[in-house]
Amino acid sequence: MQYRKLWWGFLLVMVGSFSVLGYFGSKIYREAPPIPTSVVTTSGQVLFSGQDIKDGQNVWQSIGGHSVGSIWGHGAYVAPDWTADWLHREAMFILDNWSQTTTGKPFLSANAETQAALKVRLQNLLRKNTYDVKTGILTVADIRAEAISAASQHYTGLFTNNAALERYRDAYAIPKNTVKDPERMRKLNTFFFWASWACVTERPNQVISYTNNWPSEELVGNKPSTDLIIWTGFSVIVLLAGIGLLIWYHAAHQEGETDLKTLPKHDPLLGLAITPSMRATEKYFWIVTALMLVQVGMGAITAHYGVEGQAFFGFPLAEYLPYAVSRSWHVQLAIFWIATSWLATGLFIAPAVSGHEPKFQRLGVNFLFMALLVIVVGSLAGQWFGIMQKLGFVQNFWLGHQGYEYVDIGRFWQIFLLIGLFLWLFLMGRAIWPALKRGTDGSPAESRHLLALFLISSIAIAAFYGAGLMWGRQTNLAIAEYWRWWVVHLWVEGFFEVFATVVIAFLFVRLGLIEIKRATGQVLFSTIIFLFGGIIGTFHHLYFSGTPTSVMALGQLLAPSK
């Protein structure tokens, strides 16, 4: 069979790549930055508990998470990266304290020799891993506890109503009293501390931090590691080599030009018989247009917050629609309209390809449409209630804002959407199955392969969104990031693209622009190449997300081939 080698290549890439993704995912589970049971000072004072840190993560999620600044480099960029900002403030507090004690001057006013000595002392203090694996206790120096208190005081004023920090709130597009409850604010500070602690603390028996020395901070010795530099170089080499190989392959396997005489004189799609279910998809595309327009509007508002952090041309819009809401809606609406457009395309194409209209197919298409409307409206409303601090931790997780960019709708809406995707898969499968048995033109040998890939990509679209259910309300951030990128990279950027490639191939075949034989071979080959780098290349999003060096190496090595 002429496609046998391509199918074996596809199977090898899928099994091999997901085995690697799973194996190194287990390493992320084992080597994620630990959440201590408690944080205590060397003098024995208990500062806060591990549960405080977990609750603080929930507070961060509830105010918008990645839509308010960033953590470990992921998120929005109007406000600072809180881990980088906290780490710098903590470092400067300690350096100033030591400098005042020894020289009577602030650190920046001390001479170069004194500054160099104090920085070495600071690095020895902060980079040493004082987490006790047996007891789960993290011990910090008394001076660091003072630095934590100072940073907490700054952040409390920033996220509540300290008038002296109003200019920062305006610059960061953070409304006054973003966090309304003092206890929530205290817990948010503990989460910020833990996330920044992971940025500077060296992994056991290594000389790099849990985040591979991210962020760059000269004061604490956070500089690009040797591994980072080496694998960055390798990634450039792989990219150039991959481009060269594809150019060589194209030149060595050029096929004959298309005979213009074989092209149809009229558009073959004009004679396409529109079935009731195909016609029912029309409203999907009207909704796609509406969602796109609303997304553009939210984008304009979000961008304007970069100029006026609290208002929209003088109107105090942040009181009703803060930046975190407009940005969350802007991002989520993009996912909704992109996904809806491809779901509708599949529902339209399936009966067109098979020439078969299953019983009650139109009812299924209409029911799915109503379900999608409920998900869109309900999830966006839930995000508003969450960010406005009107929900508890549990309610926010299920109905509000999960805080993780691209997958930040509440868990209930995620499950609802997953059920909708499997309903879509059922509708697709029952429409395409007759064609899979006989082929689109009655010649199974030439069309079943493309149809099979169409069905496989449809299954993947339904199934891989389920990765968004793999984290819980208080899962370690490093582990939640691993699964988040399964959804963003593999679902949105991966299998939707494979699905799009197959759909476009079908259209070109129907238009008579390409032979089914050539389309099948090219789609299979391009899918193998794309997924070879794309699946393991998921790791290129996780360089600094509390993952081991091996993840960074694989991400840099294979992501360019995508």
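Residues numbered from 1 in each chain as written. Predicted model: local features only at pLDDT ≥ 70, side-chain atom pairs only at ≥ 80, totals over all residues. Heavy atoms only, no water.

### Things to note about the pairing of strand E2 (residues 46–49)
- With three bridges connecting them, strand E1 (residues 38–41) and E2 associate as antiparallel partners. When the sheet's bridge partners are listed, Val-40 is paired in E2 with Val-46.
- If you look at the hairpin formed by E1 and E2, you'll find four residues sitting between the two strands, and Gly-44 has a positive phi there, around 100 degrees. (Pairing = 2+ DSSP bridges. Helix = DSSP H or I, 4+ residues; strand = E, 2+ residues; numbered from the N terminus.)

### Here's the deal with the side chain of Asn-396
- Checked against the element boundaries, Asn-396 lands in helix H13 (residues 393–399).
- Residue Asn-396 is classed as buried on the basis of its relative accessible area of 4%.
- Leave out the neighbours within four places in its chain, and Asn-396 touches Gln-61, Ser-62, Gly-386, Leu-391 and His-401. (Buried < 20%, exposed > 50% of the residue type's maximum accessible area, 1.4 Å probe, protein only. Contact = heavy atoms within 4.5 Å.)

### With respect to the packing of helix H10 (residues 282–304) against helix H11 (residues 323–354)
- H11 packs onto H10 with a crossing angle of 160 degrees between their chain directions and a minimal axis gap of 8 Å. Relative to H11, H10 is oriented roughly antiparallel. The handedness of the crossing between H10 and H11 is left-handed. (Axes fitted to C-alpha atoms, helices over the stretch in contact; angles between N-to-C directions. Parallel < 35°, antiparallel > 145°, perpendicular 65-115°, else oblique. Left-handed = near helix turned anticlockwise from the far one by under 90°.)

### Overview of the packing of aromatic side chains
- This structure, assessed with the given rule, holds 44 aromatic pairs.
- Geometrically, the ring pair formed by Trp-197 and Tyr-210 is tilted, given 5.6 Å between the ring centres and 35 degrees between the ring planes. Within this pair, whereas Trp-197 is found in helix H7 (residues 182–200), its partner Tyr-210 is found in the loop between H7 and helix H8 (226–252), the two being separated by 13 residues in sequence. Like Tyr-210, Trp-197 is buried.
- On the basis of an interplanar angle of 25 degrees and a centroid distance of 6.3 Å, the ring pair of Trp-214 and Phe-544 is categorised as stacked. Here the residue Trp-214 occupies a position in the loop between H7 and H8, and Phe-544 occupies one in the loop between helix H17 (516–534) and helix H18 (549–558), the gap between them amounting to 330 residues.
- The lysine or arginine in question, Arg-121, covers the ring of Trp-98, its NZ or CZ lying 3.9 Å from the ring centre. (Phe/Tyr/Trp six-rings, centres within 6.5 Å; stacked < 30°, edge-to-face > 60°. Lys NZ or Arg CZ within 6 Å of the ring centre and 35° of its normal.)

### A word on the pairing of E1
- Residues Ser-38 and Val-40 of E1 are buried on one face, and the alternating residues Val-39 and Thr-41, pointing to the opposite face, are buried as well.
- In the sheet, E1 pairs with strand E5 (residues 137–140) via four bridges, with the strands oriented parallel. Directly across from Thr-41, in E5, lies its bridge partner Val-140.

### Examining the confidence of the model for the protein
- Averaged over every residue, the pLDDT of the protein is 92; residues scoring 70 or more account for 94%.
- Every residue in residues 440–444 is under pLDDT 50, and counting partners more than four places away or in other chains gives 10 contacts. (pLDDT = per-residue confidence, 0-100.)

### Comments concerning the pattern of salt bridges
- Enumeration over the complete set of coordinates arrives at 11 salt bridges.
- Residue Asp-52 pairs with Arg-186 through a salt bridge whose shortest N-O separation is 3.2 Å. With a gap of 134 residues between them, Asp-52 in helix H2 (residues 50–62) and Arg-186 in helix H7 connect regions that are remote in the sequence.
- When its relative accessible area of 11% is taken as the criterion, Asp-52 is described as buried.
- Judged by its relative accessible area of 33%, Arg-186 is partly exposed.
- Put simply, Lys-187 and Asp-55 hold a salt bridge, and the shortest N to O gap is 2.9 Å. A residue pair is termed long-range when its members are at least 10 positions apart, and Lys-187 in helix H7 and Asp-55 in helix H2 qualify at 132 residues.
- On the basis of relative accessibility, which here comes to 13%, the residue Lys-187 falls in the buried class.
- On the basis of relative accessible area, Asp-55 is assigned to the buried category, the value being 10%.
- Sharing partners across several salt bridges, the network here consists of Asp-52, Glu-183 and Arg-186. (Salt bridge = Lys/Arg side-chain N within 4 Å of Asp/Glu carboxyl O.)

### So, the environment of Pro-358
- Relative to the assigned elements, Pro-358 resides in the loop between H11 and helix H12 (361–387).
- Once the C-alpha coordinates of Pro-358 and Ala-381 are considered, the two residues, 23 residues apart in sequence, prove to be 36 Å apart.
- Apart from residues lying up to four places away in sequence, Pro-358 is in contact with Arg-430 and Ala-431.

### What to know about empty space enclosed by the protein
- Summed over all chains, the structure comprises six cavities of 30 Å³ or more.
- In this model, the largest cavity occupies a volume close to 90 Å³.
- Together, Ile-335, Phe-336, Ala-339, Thr-340, Leu-343, Leu-372, Ile-375, Val-376, Leu-417 and Trp-491 line the largest cavity.
- At the level of secondary structure, the elements contributing two or more residues to the lining of the largest cavity comprise H11 and H12.
- Tallying contributions element by element places H11 first for the lining of the largest cavity, with five residues.
- Among the residues making up the lining of the largest cavity, the classes are represented as nine nonpolar, one polar and no charged. (1 Å grid on protein atoms, 1.4 Å probe; cavity = no way out; pocket = protein on both sides within 12 Å on 5 of 7 lines; lining within 4 Å. Points joined across faces, edges and corners; volume = space filled by probe spheres on them. Nonpolar A, V, L, I, M, F, W, Y, C, P; charged D, E, K, R; others polar.)

### Quick look at a nonpolar patch on the surface
- A cluster of nonpolar side chains, namely Val-394, Trp-398, Leu-399, Phe-412, Ile-415 and Ile-419, defines an oily patch on the protein surface of about 530 Å² accessible area.
- Breaking the nonpolar patch down by element, the ones donating at least two residues are H13 and helix H14 (411–438).
- Within the secondary structure, Phe-412 is located in helix H14. (Patch = residues over 30% accessible without salt bridge, like charges linked within 9 Å, V, L, I, M, F, W, Y side chains within 5 Å. Areas by Shrake-Rupley, 256 points an atom, 1.4 Å probe, with all protein chains shown as cover.)

### A look at H10
- An ideal rise of 1.5 Å per residue puts 33 Å on 23 residues; H10 measures up with 34 Å between its terminal C-alpha atoms.
- Taken together, the buried positions of H10 are Tyr-284, Val-288, Leu-291, Gln-295, Met-298, Gly-299, Ile-301, Thr-302 and His-304.
- At its buried positions, H10 is contacted by helix H9 (276–280), H11 and H12. (Expected span 1.5 Å × (residues − 1).)

### Side note on the sheet that holds E2
- The three strands are arranged E2-E1-E5 in an open sheet whose pairing can be described as mixed. Looking at the sheet topology across the chains shown, the edges are occupied by E2 and E5. Direction aside, neighbouring strands of the sheet carry axes that sit 20 degrees apart on average.
- Together, E1 and E2 form the strand contacts of H2, whose direction differs from that of E2 by roughly 50 degrees.

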